[in-house]
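What the coordinates show
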Amino acid sequence: EDKEAKERLLKELEKILKKVEEKEREYKERMSRGIDGSLVVSASGYAWPLTSSSTLTACFGADSIHKSGHGALDIAAPDHTPVYASKEGTVVYSNYPGSMASYSKNITDDGQCSSNGGCGNYIRIDHGDGIVTQYCHLYTNSITVKTGDTVSQGQHIGDVGSSGCSTGSHLHFATYYNGTKFNPLQIVDPANVTNPGRCN
């Protein structure tokens, strides 16, 4: 009897352990995709700058609109979507509070952008490892940090908008290494993006 009881108990424990393992797998999967609204931090230590649903609309490199090359990712999301610091660092530029108007323009080529305020309301953060991240087209008066401020990873720094040279509400997310632009997908993993393979 004792032997049978122990075997039954062991089988029950195995079932419970399997359920716990399944739940852990589900949780890790959710965290990796940011489904619970958390920041998704890549192996490089940098986080995707949005936690809510968004869409990649332009990749790093030349395309039909950015004929001379697009040095960033364009991440479309509704106005007022919070933007977060990808990693801790020091704000090296911010036009706080970001009073440039936020509205869509009919921009069809890069030449029109040079006289149109470019990045609009934007922030640059130096992360102290040679990498600087830049967050452009932020919503009017949404910037929460000033030049010289120290920010933590995941700190709210502004909201998605369409200020400057912008055809619609989106975050223009750029990365630089020792002053040279590089593809942000080298250090961040898209999270809650409707088309994650768009820029592969």
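With that settled, consider the overall build of the protein. For the protein, the helix and strand inventory stands at one helix and 10 strands. Taking all 200 residues of the protein together, 40% fall into the buried category. Across the protein, contacts joining residues at least 24 apart in sequence account for 71% of those joining residues at least 6 apart.

Evaluation of the coordinates by the stated rule reveals two salt bridges. Notably, a salt bridge pairs E12 with K15, separated by 3.9 Å at the nearest N-O pair. One end of the pair is E12 and the other is K15, both in helix α1 (residues 2–33) and three residues apart, which spans about a single turn. Owing to a relative accessible area of 52%, K15 belongs among the exposed residues under this scheme.

Below, the discussion takes up the packing of aromatic side chains. Within the structure shown, the criterion is met by two aromatic pairs. Residues Y135 and F173 carry aromatic rings whose centres are separated by 5.4 Å and whose planes lie at 50 degrees to one another, so their mutual orientation is tilted. Taken together, the positions of Y135 in strand β6 (residues 131–138) and F173 in strand β9 (residues 170–177) put the pair 38 residues apart, joining distant regions of the chain. Here the two residues Y135 and F173 agree in accessibility, since each one is buried. We note R124 situated over the ring of Y176; from NZ or CZ to the ring centre the distance is 4.3 Å.

This part is about the pairing of strand β2 (residues 73–76). In this structure, strand β1 (residues 55–58) lies alongside β2, joined through three bridges in antiparallel fashion. Bridging from a neighbouring strand, L56 pairs with I75 of β2. Here β2 runs beside β9; their pairing, made up of four bridges, is antiparallel. Counterpart to L73 in the pairing with β9 is F173.

What follows covers the environment of G197. Relative to the helices and strands, G197 is located in the segment after β10 (180–182). Judged by its relative accessible area of 44%, G197 falls in the partly exposed class.

Rules behind the numbers
- Residues numbered from 1 in each chain as written.
- Predicted model: local features only at pLDDT ≥ 70, side-chain atom pairs only at ≥ 80, totals over all residues.
- Heavy atoms only, no water.
- Helix = DSSP H or I, 4+ residues; strand = E, 2+ residues; numbered from the N terminus.
- Buried < 20%, exposed > 50% of the residue type's maximum accessible area, 1.4 Å probe, protein only.
- Contact = heavy atoms within 4.5 Å.
- Salt bridge = Lys/Arg side-chain N within 4 Å of Asp/Glu carboxyl O.
- Phe/Tyr/Trp six-rings, centres within 6.5 Å; stacked < 30°, edge-to-face > 60°.
- Lys NZ or Arg CZ within 6 Å of the ring centre and 35° of its normal.
- Pairing = 2+ DSSP bridges.

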